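Structural description and commentary
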Amino acid sequence: NVALTVPTSSVAAYQSAEVWRSFNVTGDGVLLSVRVNNGALGSVGGTASGLYPANTSVSLTAIPAEGCSLLRWASGADSLGAGSSITFTFTLTRDTVITAHFAQLAAYTLTFDAQGGTVSPASTTVTSGVAVGALPTPTRAGYTFAGWYTGQNGAGTLYTETTVYSALGNTTLYAKWTAAGATGVAEALQVNVSLYPNPFGDVLRLTGAEGCTLTVVSAAGAPVHTQQVASADEAIHLGHLPSGIYFLRIEKDGKTKTVKAMKE
């Protein structure tokens, strides 16, 4: 019999097909397929499509055509990274299809809905594939601003100045507000939290805040990172932020606690 090597996941299908029954079908590795959404807008360099041993390290580099930019890497319907990640690396553990989505550089309008507050400017112009830049800080009597989101009441995606614009059209951002008490200060959250190391490098760890919502705010008052705290000793990856003073706002059930940290 003639030997035929196929991806391990495909051995059964080949062995059951009449046309391959005279072959000695064996499985060896996993299949990588690298694609682009439109070849006129860009290409991908690095590891080529093909059959590889499991656990192969893959490195892909997006090469946008002139006047274009990378919007994201995707595997099926799952987005794997924003346009700032021109190089994408991962370990190949199963058959995988990776698509680089490119778009022509285009200007769109980002509109700010203050949700009962006031904001200026009310909109700004952004460019696809490029970070949106500084965002305005709205004000509202009796409330604390908690970030700009693509959905109302904190739903959807949080936008910060480093968010790369990937929408193919105009977008409205909605202000999220935290109600303040009669004194104008949000009710204190009674939790014993600690940070380490502080000062920190790329990763800061937070203990004692499991089940809370964490928002990292710059010294200028702009939200720059948010996440749900899932563990008693949570890792907060802040390598994308510049050195400086940051405030960690920890929220749960309408109550808030703020602690300070410094990035070296």
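The rules behind these values
Residues numbered from 1 in each chain as written. Predicted model: local features only at pLDDT ≥ 70, side-chain atom pairs only at ≥ 80, totals over all residues. Heavy atoms only, no water. Helix = DSSP H or I, 4+ residues; strand = E, 2+ residues; numbered from the N terminus. Buried < 20%, exposed > 50% of the residue type's maximum accessible area, 1.4 Å probe, protein only. Contact = heavy atoms within 4.5 Å. Areas by Shrake-Rupley, 256 points an atom, 1.4 Å probe, with all protein chains shown as cover. Phe/Tyr/Trp six-rings, centres within 6.5 Å; stacked < 30°, edge-to-face > 60°. Lys NZ or Arg CZ within 6 Å of the ring centre and 35° of its normal. pLDDT = per-residue confidence, 0-100.

What follows concerns the overall build of the chain. When helices and strands are tallied, the chain shows 1 helix and 22 strands. By the burial criterion, 39% of the 264 residues in the chain qualify as buried. Taking contacts inside the chain between residues at least 6 apart in sequence as the whole, the part at least 24 apart equals 54%. Here the chain displays about 13,500 Å² of accessible surface, and carbon together with sulfur accounts for 51% of that area.

Relative to the helices and strands, phenylalanine 88 resides in strand 9 (residues 87-92). Spatially, the C-alpha atoms of phenylalanine 88 and glycine 46 are 9.7 Å apart, while their sequence positions differ by 42 residues.

Another aspect to go through is the packing of aromatic side chains. Scanning all chains against the criterion turns up 6 aromatic pairs. Clustering of aromatic rings is evident, with ring pairs tying together Phe112, Phe145, Trp148 and Trp177. Just above the ring of tyrosine 143 sits the side chain of arginine 140; from NZ or CZ to the centre is 3.8 Å.

Of all residues in the chain, 84% have pLDDT values of 70 or greater, and the mean over the chain is 83. Averaged pLDDT values over the elements of the chain bottom out at 54 in strand 8 (residues 78-82) and peak at 95 in strand 11 (residues 107-113). Within the model, pLDDT remains below 50 along residues 181-186, and this stretch shows 5 contacts once partners closer than five positions in the same chain are excluded.

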